[in-house]
Amino acid sequence: MTAHEELIARRGRRSGVTTMVAVHSTRLGPAVGGCRMKAYANLEQAVGDVLRLSAAMTAKCAAAGLAFGGGKSVIALAPGQVLTPEERRAVLLDHADLVAELDGRYRAGPDVGTGPADMLVLREASPYAFCVPESAGGTGSSSGPTALGVLAALRAADPADLAGRRVMISGYGAVGAHLAAHLRTAGAEVVVSDVDPAKRAAAEAAGLGWAEPEKALVLPADVLIPAAVGGVLDPETAARLEVPLVVGPANNQLTDETVADDLAARGIRWIPDYVASAGGILYTLSREAEGLDHDAALARVEAIEQTVTDLLRAAEANGTTPLREADALVRARLA
Ligand SMILES: NC(=O)c1ccc[n+]([C@@H]2O[C@H](COP(=O)([O-])OP(=O)(O)OC[C@H]3O[C@@H](n4cnc5c(N)ncnc54)[C@H](O)[C@@H]3O)[C@@H](O)[C@H]2O)c1
């Protein structure tokens, strides 16, 4: 990973909550990336997260062919901290001040713990927030286009008919629910899993199977879709997977890059997360920054299928992995 361009952190004057922005690269354009609001055991963990996630955004934008760089922001809550609506607004306004200071070098979108309505609060102090609600002239949640991008990657990696095939989705959140609905419609047998047990009833009502989260990753299936959090594929888990294909939206799925080699050695196709998860950012920036219409923006999301096809072909021809080929593509675009 190359060095980051900027990292700024500040304890908010209204809220007392520390928020931070990392700009990894503006080589291809202004840095974009989600604003994550979650509890961290300590600030070191929050800094680690913002640095890793912003670097992944550089790769995501470059691989997607976007004229944007990589950034990320984190609102670091304390363990167990629950915000009242007033406190949430104060935290967001504090964060908006930080985003405004960067004067467009970083542009925020929603991420884990934030949504389109929060982006509207950021807009009060800074114009540099995207994915505001459609009622406010934005494109709203990007989870639908993100799911379409994952499906495009899946088509490239496994062109077989999905009817009757077993797909395991780990994380039944916004993207996971979109994916489950599409895959059910395509006739797949869909099993979902989530750490939130309250999701089980909704999943079963939608005709989906349910697996306990500690077992979900290693159950036999035709496709595994990580759609929850990062860092879920470590060397031990990789050795226990019983699927031929892993493709999903969760960012930074691997604990380190060598896990991609481990998976390839076991004959498991792992599609780089920063390629498969780019549908949301592609759609949003195509609409909000480049002014494309819905169909043209969607066509760019669907083009993820061709990108993945090319990566798989190159990996086979060169005896490498899709990750190594994707990294080479990113390096070439950044050069
Ligand atoms: N929303 C987007 O447009 C988008 C774009 C790119 C990448 N991503 C990434 O995709 C993933 C899913 O995004 P989302 O918007 O659906 O998030 P979300 O917060 O709506 O859903 C995540 C779900 O995962 C569950 N979860 C958390 N830890 C888990 C675990 N260990 N095992 C199983 N379930 C667990 C949560 O309870 C939640 O239901 C995230 O990693 C996100 O960063 C999302």
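- Per an unreviewed UniProt entry, the protein goes by the name Glu/Leu/Phe/Val dehydrogenase dimerization domain-containing protein and belongs to Amycolatopsis melonis.
- Under the UniProt heading Sequence similarities (unreviewed entry), the note attached to the protein is "Belongs to the Glu/Leu/Phe/Val dehydrogenases family."

## As for the overall build of the protein
Right, so step 1: The number of helices and strands found in the protein is 14 helices and eleven strands.
Right, so step 2: Over its C-alpha atoms the protein spans a radius of gyration of 19 Å, differing by no more than 12% from the 20 Å that the globule rule assigns to 335 residues.
Right, so step 3: Seen through its principal axes, the protein has C-alpha atoms that stretch 55 × 50 × 40 Å.
Right, so step 4: Burial statistics for the protein: of 335 residues in total, 49% are counted as buried.
Right, so step 5: Of all intrachain contacts in the protein linking residues separated by at least 6 positions in sequence, the fraction that spans at least 24 positions is 64%.

## Observations regarding the sheet that holds strand E1 (residues 6–11)
Right, so step 1: Reading across from one edge, E1-E2-E4-E3-E5 is the order of the five strands in this open sheet, with mixed pairing throughout. Two strands bound the open sheet, and with one partner strand each, they are E1 and strand E5 (106–110). Each strand of the sheet is rotated relative to its neighbour by a mean of 20°, with strand direction disregarded.
Right, so step 2: The pairing of strand E2 (residues 18–25) with strand E4 (residues 69–77) spans seven bridges and is classified as antiparallel. Pairing of valine 23 across the sheet is with glycine 71, part of E4.
Right, so step 3: Contacting E1, E2, strand E3 (31–39) and E4, helix H1 (residues 43–63) runs over the sheet at an angle of about 155° to E4.
Right, so step 4: The sheet strands contacting helix H2 (residues 85–101) are E1, E2, E3, E4 and E5, and the helix crosses E2 at an angle near 35°.

## Quick notes on the site of the ligand
Right, so step 1: In the vicinity of the ligand lie 26 residues, with Thr146, Gly171, Gly173, Ala228 and Gly280 positioned nearest.
Right, so step 2: Looking at the shell around the ligand, the elements that each hand over two or more residues are helix H4 (143–157) and helix H5 (174–185).
Right, so step 3: With three residues, H5 is the single largest residue contributor to the shell around the ligand.
Right, so step 4: Tallied by class, residues from the shell around the ligand come to eleven nonpolar, eleven polar and four charged.

## A few points about the domain arrangement of the protein
Right, so step 1: When the domains of the protein are assigned, the result is domain 1 (6–55 + 70–136) and domain 2 (143–276 + 307–334).
Right, so step 2: Between the C-alpha centres of domain 1 and domain 2 the distance comes to 27 Å.
Right, so step 3: Each partner contributes residues to the interface: domain 1 has four residues there, and domain 2 has four residues.
Right, so step 4: Its residues assigned to classes, the side of domain 1 that touches domain 2 comprises two nonpolar, no polar and two charged.

## Brief notes about helix H13 (residues 304–318)
Right, so step 1: Between its first and last C-alpha atoms H13 spans 21 Å; for 15 residues at 1.5 Å apiece the expected length is 21 Å, and the two agree.
Right, so step 2: The set of residues buried in H13 consists of Ile304, Thr307, Val308 and Leu311. Relative to the axis of H13, the buried residues are bounded by an arc of 95° and lie together on one face. Away from its buried face, by an angle of more than 90 degrees, H13 presents the exposed residues Gln306, Glu316 and Ala317.
Right, so step 3: Buried residues belonging to H13 abut H1, H4, helix H10 (273–276), helix H11 (279–288), helix H12 (294–302) and helix H14 (322–334).
Right, so step 4: One or two residues past the end of H13 sits glycine 319, with phi positive at roughly 65°.

## A word on the nonpolar core
Soluble globular proteins tend to bury their nonpolar side chains together.
Right, so step 1: Ranked by internal contacts, the top residues of the largest apolar core, which has 105 residues, are Ala153, Ile169, Ile225, Val247 and Val275.
Right, so step 2: Here this core gets ten residues from one element, more than from any other, and that element is H1.
Right, so step 3: Both domains that furnish three or more residues to this core are identified here as domain 1 (6–55 + 70–136) and domain 2 (143–276 + 307–334).
Right, so step 4: Those residues in contact with valine 247 that sit more than four places away from it in its chain are Val150, Ala153, Leu154, Ala157, Val223, Ile225, Ile271 and Ala276.

## What about the pairing of E4?
Right, so step 1: Of all nine residues in E4, nine are buried, a share of seventy percent or more.
Right, so step 2: Alternating residues of E4 divide into Gly69, Gly71, Ser73, Ile75 and Leu77 and Gly70, Lys72, Val74 and Ala76, and every residue in both groups is buried.
Right, so step 3: On the question of chirality, the crossover connecting E3 to the parallel E4 by way of H1 is right-handed.

## With respect to the pairing of E3
Right, so step 1: For E3, the tally of buried residues reaches seven of nine residues, placing the bulk of the element in the interior.
Right, so step 2: Sheet topology note: the E3/E4 ladder contains seven bridges and is parallel. Bridge pairing in E4 places alanine 31 opposite glycine 69.
Right, so step 3: In this structure, E3 lies alongside E5, joined through five bridges in parallel fashion. Paired with alanine 31 across the strands is tyrosine 106, a residue of E5.

Parameters and conventions
- Residues numbered from 1 in each chain as written.
- Predicted model: local features only at pLDDT ≥ 70, side-chain atom pairs only at ≥ 80, totals over all residues.
- UniProt positions renumbered as here; feature names shortened; annotations may be inferred.
- Helix = DSSP H or I, 4+ residues; strand = E, 2+ residues; numbered from the N terminus.
- Rg over C-alpha atoms; globule rule 2.2 N^0.38 Å.
- Buried ≥ 20, exposed ≤ 12 C-beta atoms within 10 Å, placed from the backbone.
- Contact = placed C-beta atoms within 7 Å.
- Pairing = 2+ DSSP bridges.
- Axes fitted to C-alpha atoms, helices over the stretch in contact; angles between N-to-C directions.
- Near = placed C-beta within 6 Å.
- Nonpolar A, V, L, I, M, F, W, Y, C, P; charged D, E, K, R; others polar.
- Domains from an automatic or database assignment.
- Expected span 1.5 Å × (residues − 1).
- Arc of directions from axis to C-beta.
- Core = buried A, V, L, I, M, F, W, Y, C linked by C-beta atoms within 7 Å.
- Right-handed = clockwise from strand over helix to strand, strands pointing away.

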